[in-house]
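Understanding the architecture of this molecule
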Amino acid sequence: MSIWSYANPRKFLETTAPWVPWLMWLSAAVLAVGLVWGFFFTPEAERFGSSVKIIYLHVPSALMAINAWLMMLVASLIWLVRRHHVSALAARAAAPIGMVMTLIALVTGAIWGQPMWGTWWAWDPRLTSFLILFLFYLGYIALWAAIPDPDSAADLTSVLCLVGSVFAILSRYAVNFWNQGLHQGASLSLDSQENVADVFWLPLLVCMAGFVLLFVSLVLLRTGTEIRARRIAAMRARARRAEPVRA
């Protein structure tokens, strides 16, 4: 069976709908384990004290903020090339989730930065690129809402997604591109000298898995909702056209 068969809205709904509740419960369980483990069963860091525990929200949300946009990029490219409506609706469904993830990353970063750097905000390369990414999320959502024709909206938002992908990449690699700014390097790295200690690393991985499961379940749920809303709008349009013209 080709993967493109799931571009059929009926097939997509029949396949994903039974999985959504299970994914929701699984993500809730994994997040509960990771957050409780990280916040209550890990020691204070030598230099950062208990404030280090904010990484269990900050790092997973920042990871998903970037990857949500990259998922939207792939879905937008599929729409532009193959014109599959499910892909366009999946990109639209992911945008508010990615926006919330970006907002969580910005807020938790500010909470971390105030005691560590002595300021809530600095025009650091990574912080600035993340703020711009947040604004792109807002613009993407607003553009969908502003254009009444769904296909035209999908076309224009796909182009916007392509442009915004530059800042999604910068948000991930800004520290590598510019060797300056307050933001430290990656918390997770193949370099053992840069990686966090195992006592923090293992619950962080669990939290990241929980955020990924939560994102997938919410995208599937919202995509199904978008498909049903599109069907209802089409039925109402046909009903209006079928109404007899009154003299």
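Counting of residues starts from 1 at the beginning of each chain's written sequence and follows it residue by residue. Reporting in this predicted model follows two pLDDT cut-offs: at least 70 for local features of residues, and 80 or more for side-chain atom pairs to be given and counted; totals over whole chains, interfaces and linings ignore these cut-offs and use all residues. Water and hydrogen atoms were dropped before computing side-chain values, which therefore reflect all heavy atoms in the structure.

Examining the overall build of the chain
For the chain, the count of helices and strands is 7 helices and 0 strands. Secondary structure elements are taken from DSSP: a helix is a run of H or I of four residues or more, a strand is a run of E of two residues or more, and numbering for both begins at the N terminus. Seen in sequence order, the chain has helices and strands lined up from the N terminus as α-α-α-α-α-α-α. Residue burial in the chain is summarised as follows: out of 247 residues, 40% are buried. Where accessible areas are quoted, they stem from the Shrake-Rupley method and a 1.4 Å probe; at the residue level, only the protein chains shown are allowed to cover. In the form shown here, the chain has an accessible surface area of approximately 13800 Å², with 68% of it arising from carbon and sulfur atoms. For every residue, the accessible area (1.4 Å probe, protein chains only) is compared with the maximum for its type, and the residue is labelled buried under 20%, exposed over 50%, or partly exposed between those bounds.

Here we look at the UniProt feature "transmembrane region" (unreviewed entry) in the chain
UniProt positions are given in the numbering used here, feature names are shortened, and annotations may be inferred rather than shown by experiment. Here, UniProt's "transmembrane region" (unreviewed entry) annotation points to residues 20-41, 61-81, 93-115, 127-147, 159-179 and 199-221. Annotated as residues 61-81, this span is 100% helix and 0% strand, and its ends, taken at the C-alpha atoms, are 30 Å apart. Across residues 93-115 one finds 100% helix and 0% strand; the C-alpha atoms that close the span lie 36 Å apart.

Observations concerning the packing of aromatic side chains
In this analysis, rings of Phe, Tyr and Trp, with Trp reduced to its six-membered ring, are considered paired at centre separations within 6.5 Å, and the interplanar angle assigns stacked below 30 degrees, edge-to-face beyond 60, and tilted for intermediate values. Inspection of the entire model under this criterion finds 4 aromatic pairs. Here Trp 69 and Tyr 137 contribute two aromatic rings whose centre-to-centre distance is 4.9 Å and whose plane-to-plane angle is 85°, an arrangement assigned as edge-to-face. Taken together, the positions of Trp 69 in helix 3 (residues 55-82) and Tyr 137 in helix 5 (residues 125-146) put the pair 68 residues apart, joining distant regions of the chain. Relative accessible area serves as the criterion here: at 0%, Tyr 137 is assigned to the buried category.

Notes on the side chain of Thr 16
Inspection of the secondary structure puts Thr 16 in helix 1 (residues 9-16). With relative accessibility at 11%, the residue Thr 16 sits in the buried group. Polar side-chain contacts of Thr 16 include one of 2.8 Å to the backbone oxygen of Phe 12. In protein, a polar contact means a hydrogen-donor-capable atom and an acceptor-capable atom, both N or O and within 3.5 Å, with residues adjacent in sequence counting only if both atoms are side-chain atoms; elsewhere, any N or O pair within 3.5 Å suffices.

Thoughts on helix 5
The periodicity of an α-helix, 3.6 residues per turn, causes residues three or four places apart in sequence to face the same way. Helix span, as expected, comes to 1.5 Å for every residue beyond the first. An ideal rise of 1.5 Å per residue puts 32 Å on 22 residues; helix 5 measures up with 31 Å between its terminal C-alpha atoms. Of the positions making up helix 5, those classed as buried are Pro 125, Arg 126, Leu 127, Ser 129, Phe 130, Leu 133, Phe 134, Phe 136, Tyr 137, Tyr 140 and Trp 144.

Considering a nonpolar patch on the surface
Patches draw on residues past 30% relative accessible area with no salt bridge. Two like charges within 9 Å are joined, as are two nonpolar side chains (Val, Leu, Ile, Met, Phe, Trp, Tyr) within 5 Å. Salt bridges are identified by distance alone: a Lys or Arg side-chain nitrogen within 4 Å of an Asp or Glu carboxyl oxygen. The grouping of Val 33, Val 36, Trp 37, Phe 39, Phe 40, Phe 41, Leu 202 and Leu 205 at the surface amounts to a nonpolar patch, some 760 Å² of accessible area in total. Residue assignment for the nonpolar patch shows that the elements contributing at least two residues are helix 2 (19-40) and helix 7 (198-242). By residue number, the principal contributor to the nonpolar patch is helix 2, which donates 5 residues. Its place among the elements puts Val 36 in helix 2.

Some remarks on the confidence of the model for the chain
With 85% of its residues at a pLDDT of at least 70, the chain reaches an overall mean of 85. The pLDDT score gives, residue by residue, the confidence of the prediction method on a 0 to 100 scale. Within the chain, helix 2 carries the highest mean pLDDT (96), whereas helix 6 (residues 150-177) carries the lowest (81).

Quick word on the nonpolar core
Counting 35 residues, the largest nonpolar core has Trp 69, Met 72, Phe 130, Tyr 137, Tyr 140 and Phe 215 as the members making the most contacts within it. Put simply, the parts of the chain that give this core at least two residues each are helix 3, helix 4 (85-117), helix 5, helix 6 and helix 7. Per-element accounting of this core gives the leading share, 10 residues, to helix 3. By size, the runner-up hydrophobic cluster in this structure holds 10 residues, among which are Val 52, Ile 55, Val 59 and Met 208. What is meant by a nonpolar core is a set of buried Ala, Val, Leu, Ile, Met, Phe, Trp, Tyr and Cys residues, joined one to another through side-chain atoms within 4.5 Å.

Observations concerning the side chain of Thr 157
Relative to the helices and strands, Thr 157 resides in helix 6. In this description, contact between two residues means that some pair of their heavy atoms is separated by no more than 4.5 Å. Beyond its immediate stretch of four places on either side in the chain, Thr 157 contacts Tyr 140, Leu 143 and Trp 144.

Here we look at helix 4
Compared with an ideal rise of 1.5 Å per residue, which puts 33 residues at 48 Å, helix 4 spans 46 Å between its outermost C-alpha atoms and is within 8% of the ideal. The reported bend at a residue is simply the angle between two axes, fitted to the 7 residues ending at it and to the 7 residues beginning with it. Of all the bends in helix 4, the greatest reaches close to 30° and is centred on Ala 95; the proline Pro 96 follows between one and four positions later.

Overview of the environment of Leu 218
With respect to the helices and strands, Leu 218 occurs in helix 7. Separated by 198 residues in the primary sequence, Leu 218 and Val 20 place their C-alpha atoms 8.0 Å from one another.

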